[in-house]
Amino acid sequence: MIAIVRNISPRMAECELTHVERQPINLALAEKQHEEYLDALRRLGCEVVYAPDLPHHPDSVFVEDCAVVLDELAVIARPGAESRREEVFSMAEALEAYREKVFYIEAPGLLDGGDVLRVGREIWVGMGGRTNADAILQLQAMLRPFGYVVIAVPLKGGCLHLKSAVTQVAEDTLLLNPDWVDDHHFQDFNIIETDPDEPGAANALLVGDTVMFPVDYPLTALALAEADIELLLVDNSEVIKAEGGVTCCSVIFSKG
Ligand code: CIR
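Notes on the structure follow. (Residues numbered from 1 in each chain as written. Predicted model: local features only at pLDDT ≥ 70, side-chain atom pairs only at ≥ 80, totals over all residues. Heavy atoms only, no water.)

### Observations concerning the sheet that holds strand 2 (residues 47-50)
For step 1, the next point in the chain: An order of 2-1-15 is seen for the 3 strands of this open sheet, with the pairing classed as mixed. The sheet is open, and its two edges are formed by strand 2 and strand 15 (251-253), each paired on a single side. Going across the sheet, the axis of each strand differs from the next one's by a mean of 25°, ignoring polarity.
For step 2, the next point in the chain: Judged from the 4 bridges that link them, strand 1 (residues 2-5) and strand 2 form a sheet pairing that is parallel. Looking at the pairing, alanine 3 lines up with valine 48 of strand 2. (Pairing = 2+ DSSP bridges. Helix = DSSP H or I, 4+ residues; strand = E, 2+ residues; numbered from the N terminus. Axes fitted to C-alpha atoms, helices over the stretch in contact; angles between N-to-C directions.)

### Points about the site of the ligand
For step 1, the next point in the chain: Neighbouring residues of the ligand: 14 residues in total, closest Glu16, Asp59, Glu64, Asp65 and Ala242.
For step 2, the next point in the chain: Within the contact set of the ligand, an oxygen atom lies 3.4 Å away from a side-chain nitrogen or oxygen of histidine 161.
For step 3, the next point in the chain: For the ligand, the accessible surface in isolation is 340 Å², of which the surrounding protein chains cover 98%.
For step 4, the next point in the chain: Of all the cavities here, the one that holds the ligand is the second largest pocket.
For step 5, the next point in the chain: Its residues placed into classes, the shell around the ligand shows 4 nonpolar, 3 polar and 7 charged. (Near = heavy atom within 4 Å. Polar contact = N/O pair within 3.5 Å; in protein donor to acceptor, adjacent residues only side chain to side chain. Areas by Shrake-Rupley, 256 points an atom, 1.4 Å probe, with all protein chains shown as cover. 1 Å grid on protein atoms, 1.4 Å probe; cavity = no way out; pocket = protein on both sides within 12 Å on 5 of 7 lines; lining within 4 Å. Sits in = over half its atoms within 2 Å of the grid points. Nonpolar A, V, L, I, M, F, W, Y, C, P; charged D, E, K, R; others polar.)

### Brief notes about the side chain of histidine 34
For step 1, the next point in the chain: Within the secondary structure, histidine 34 sits in helix 1 (residues 27-43).
For step 2, the next point in the chain: Discounting residues that sit within four places of it in the chain, histidine 34 has contacts with Arg6, Asn7, Ile8, Val61 and Cys249. (Contact = heavy atoms within 4.5 Å.)

### Here's the deal with the nonpolar core
For step 1, the next point in the chain: With 27 residues, the main nonpolar core has Met12, Tyr37, Leu41, Phe62, Leu205, Met212 and Cys249 as its most contacted residues.
For step 2, the next point in the chain: Contributions of two or more residues to this core are made by strand 1, helix 1, strand 12 (205-207) and strand 14 (230-234).
For step 3, the next point in the chain: The leading source of residues in this core is helix 1, at 5 residues.
For step 4, the next point in the chain: If we skip the residues at most four places from it in the chain, cysteine 249 touches Ile4, Val5, His34, Tyr37, Val61, Phe62, Val63 and Val239. (Core = buried A, V, L, I, M, F, W, Y, C linked by side-chain atoms within 4.5 Å. Buried < 20%, exposed > 50% of the residue type's maximum accessible area, 1.4 Å probe, protein only.)

### Considering the pairing of strand 9 (residues 166-170)
For step 1, the next point in the chain: The buried count for strand 9 comes to 4 of 5 residues, which makes it a mostly enclosed element.
For step 2, the next point in the chain: Between strand 9 and strand 10 (residues 173-176), which pair antiparallel in sequence order, lie 2 residues.

### Re helix 2 (residues 88-96)
For step 1, the next point in the chain: The complete set of buried residues in helix 2 reads Val88, Ser90, Met91, Ala92, Ala94 and Leu95.
For step 2, the next point in the chain: Looking at the buried positions of helix 2, the neighbouring elements they touch are strand 1, strand 3 (67-69), strand 4 (74-76), strand 5 (102-104) and strand 15.

This is the structure in structure tokens:
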């Protein structure tokens with residue numbers, strides 16, 4: 001597996017924030033935590049590949065929002081936050097080495113990769129503040145010929161991205177915050193709910209059979225452990241202050 005990542009911008013503290021209040025970000029700690037995150041990816045079998053640094057883009061470490069990579073193709077996103085639109089071009093260059101077919105979401109479409117959850121041939125796309133219906137129609141038209149089904153899912157208030165609200169934690173199991181997305185969209189799955197005191201805890205990163213998960217959400221970690229889910233815990237406090245999670249700092253795909 002390849003994991004495309006990027007170094008943290010020295011301007012990370014100026015990141016976009018939508019639903020959380022700004023708190024000071026400790027840049028040195030953020031960099032240390034990012035190194036540990038990359039080590040964790042390597043331990044889980046990923047080859048870590050760096051996209052070029054974008055020091056002037058505060059949110060550029062959140063590479064997940066720039067692209068969706070499937071076995072057959074890559075889709076370059078068009079981020080909903082205007083300050084982030086330029087981030088995608090260097091991701092496109094990085095991905096061209098791995099996928100022959102590279103499609104682009106075009107204006108007026110807006111899509112953040114954090115709104116895209118894929119399990120098998122089904123792709124759920126969150127409609128909140130970052131992704132619009134036009135992009136979802138573009139995605140449907142791009143992916144239908146490859147046998148994917150694209151399903152639009154409305155997000156509830158307070159939720160930045162679909163994957164802030166729901167992620168896969170085992171082959172047939174999702175971790176979900178019911179205050180941020182309705183579980184009826186995911187009827188074929190077992191659902192583990194986040195602890196009500198940890199609304200941000202639904203963002204988990206499944207790599208192989210292991211879930212990378214923030215130590216910052218101990219109650220939800222306990223619920224996952226009780227469900228026999230193998231966890232690799234990482235400290236993610238500084239990314240969380242930037243309204244990010246464990247999925248958003250990498251784009252992981254099979255080399256092909
Ligand atoms: C933003 O608001 O765009 C960034 N501060 C956080 C993006 C996190 N991305 C993600 O969860 N996929």
